[in-house]
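Chain by chain, the residues:
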Amino acid sequence: MAASDMTEQTPAIDGRQFRTVLGQFCTGITVITALDPAGEPIGFACQSFAALSLDPPLVLFCPTKGSRSWAAIEAAGRFCVNVLSEEQQPTCARFGSRETDKFAGVAWHTSALGVPVLDGSLATIECTVDSVSDGGDHYIVIGRVHALSESATTGGRPLLFYRGQYTGIEPDKTTPAPWRADLDHFLTTTSLDTWL
């Protein structure tokens, strides 16, 4: 059966149900930042972020097509993914708003790559725009990673979003599990059975 035949037979998906069902998938929250062509910092809160490739090192995120911040980031050609900590919930709310100056009251600095890095983030990933593809009402942006770091603070916990609200992890789950060689092999080796 051709894909076009499937499209014609598939009933329309209700937007509210789509959000509710996909809300069962817990996500971390990031803020994508850059400097606009005038050198002013810009950014927006983003849940749709993922690691894509180890070799070459690539990540992806999906901004909405109507985002003015994304248009400026695309023009800049480089950006930083700031992985937010639980303590940065107010920062997330600010970058998810329509505030004119989203950086007001937020501590940040410019990296060697020339992108704004939000102080206090659990991790930062500095990238250049590698490619942009159509993704319905969003774009699929692939970024090539040039630098990355994690917070020097131990015990940091991520800011999570689940079922339409902020949440966190259990207090005793702040220490990462030791790295396992078998897991490393699983994550970096592909086969016909690879689902990742």
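None of the values given here were measured: they were computed from a predicted structure.

What counts and how
- Each chain carries its own residue numbering, running from 1 in the direction its sequence is written.
- Note on the predicted model: pLDDT of at least 70 is required for a residue's local features to be given, and 80 or more for side-chain atom pairs to be given and counted; whole-chain, interface and lining totals, by contrast, use all residues.
- Working from all heavy atoms in the structure, the side-chain values ignore hydrogens and water.
- Only DSSP runs of H or I reaching four residues or more are called helices, and only runs of E reaching two or more are called strands; each is numbered from the N terminus.
- In this analysis, two residues are considered to be in contact whenever any of their non-hydrogen atoms come within 4.5 Å of each other.
- Residue-level accessible areas treat just the shown protein chains as cover; the underlying method is Shrake-Rupley with a 1.4 Å probe.
- As used in this record, nonpolar core signifies buried Ala, Val, Leu, Ile, Met, Phe, Trp, Tyr and Cys residues forming a set joined through side-chain atoms within 4.5 Å.
- Under the scheme applied here, a residue whose accessible area is under 20% of the maximum for its type counts as buried, over 50% as exposed, and between as partly exposed, the area being computed with a 1.4 Å probe on protein chains only.
- Salt bridge, as used here: a side-chain nitrogen of Lys or Arg that lies within 4 Å of a carboxyl oxygen of Asp or Glu.
- We call a pair of cysteine sulfur atoms a disulfide when they lie within 2.5 Å.
- Any two strands are treated as partners once DSSP identifies two or more bridges connecting them.
- To define axes, lines are fitted to C-alpha atoms, for helices over the stretch in contact only, and angles between the resulting N-to-C directions are given on a 0 to 180 degree scale.

1. Here we look at the overall build of the protein
Then step 1. Within the protein, the secondary structure is distributed over five helices and 12 strands.
Then step 2. For the protein, contacts bridging at least 24 residues in sequence account for 61% of all contacts bridging at least 6.
Then step 3. A total accessible area of about 12500 Å² is found for the protein, and carbon and sulfur atoms account for 55% of it.

2. Description of the nonpolar core
Then step 1. Counting residues in hydrophobic clusters, the biggest one holds 16 residues, and the most contacted among them are I32, F44, F61, I73 and F79.
Then step 2. Of all the secondary-structure elements, those providing two or more residues to this core are strand 2 (30-35), strand 3 (41-46), strand 5 (58-61), helix 3 (68-76), strand 6 (78-83), strand 9 (123-135) and strand 10 (138-150).
Then step 3. Among the nonpolar cores identified, the runner-up in size contains nine residues, and I29, L84, F95 and L159 belong to it.

3. Some thoughts on the pattern of salt bridges
Side chains carrying opposite charge are able to pair once their charged atoms draw close together.
Then step 1. In the structure shown here, the tally under the stated rule is four salt bridges.
Then step 2. Salt-bridge contacts for R94 lead to E99; the nearest nitrogen and oxygen are separated by 3.9 Å.
Then step 3. The exposure class of R94 is partly exposed, given its relative accessible area of 23%.
Then step 4. As a salt-bridge pair, R144 and D130 come within 3.2 Å of each other at their nearest N and O atoms. One end of the pair, R144, is in strand 10; the other, D130, is in strand 9, and 14 residues separate them in sequence.
Then step 5. By relative accessible area, R144 is classed as partly exposed at 31%.

4. Observations regarding unusual backbone geometry
Then step 1. Cis geometry is adopted by the peptide bond preceding P56, which originates at D55 and carries an omega value of 5°.
Then step 2. By the secondary structure assignment, P56 is in the loop between strand 4 (49-53) and strand 5.

5. Re the state of the cysteines
Among covalent bonds in proteins, the disulfide is the one between the sulfur atoms of two cysteines.
Then step 1. Enumeration over the complete set of coordinates arrives at zero disulfides.
Then step 2. Of all cysteine sulfurs in the structure, the one in C46 sits closest to C62, which takes part in no disulfide; the separation is 7.1 Å.
Then step 3. Not engaged in a disulfide, the cysteine C127 finds its nearest cysteine sulfur in C80; these two sulfurs lie 7.6 Å apart.

6. Quick notes on the sheet that holds strand 4
Then step 1. Strand order in the open sheet formed by seven strands is 3-2-6-9-10-5-4, and the pairing between neighbours is antiparallel. Of all strands in the sheet, those with a lone pairing partner are strand 3 and strand 4, marking the two edges. For this sheet the average axis-to-axis angle between neighbouring strands, irrespective of direction, equals 35°.
Then step 2. In terms of strand pairing, strand 4 meets strand 5 through four bridges, oriented antiparallel. Its bridge partner lying in strand 5, F49 is registered against F61.
Then step 3. Its contacts with the sheet place helix 3 against strand 2, strand 3, strand 5, strand 6, strand 9 and strand 10, and it is angled at close to 120° to strand 3.

Keep in mind these values describe shape, not function.
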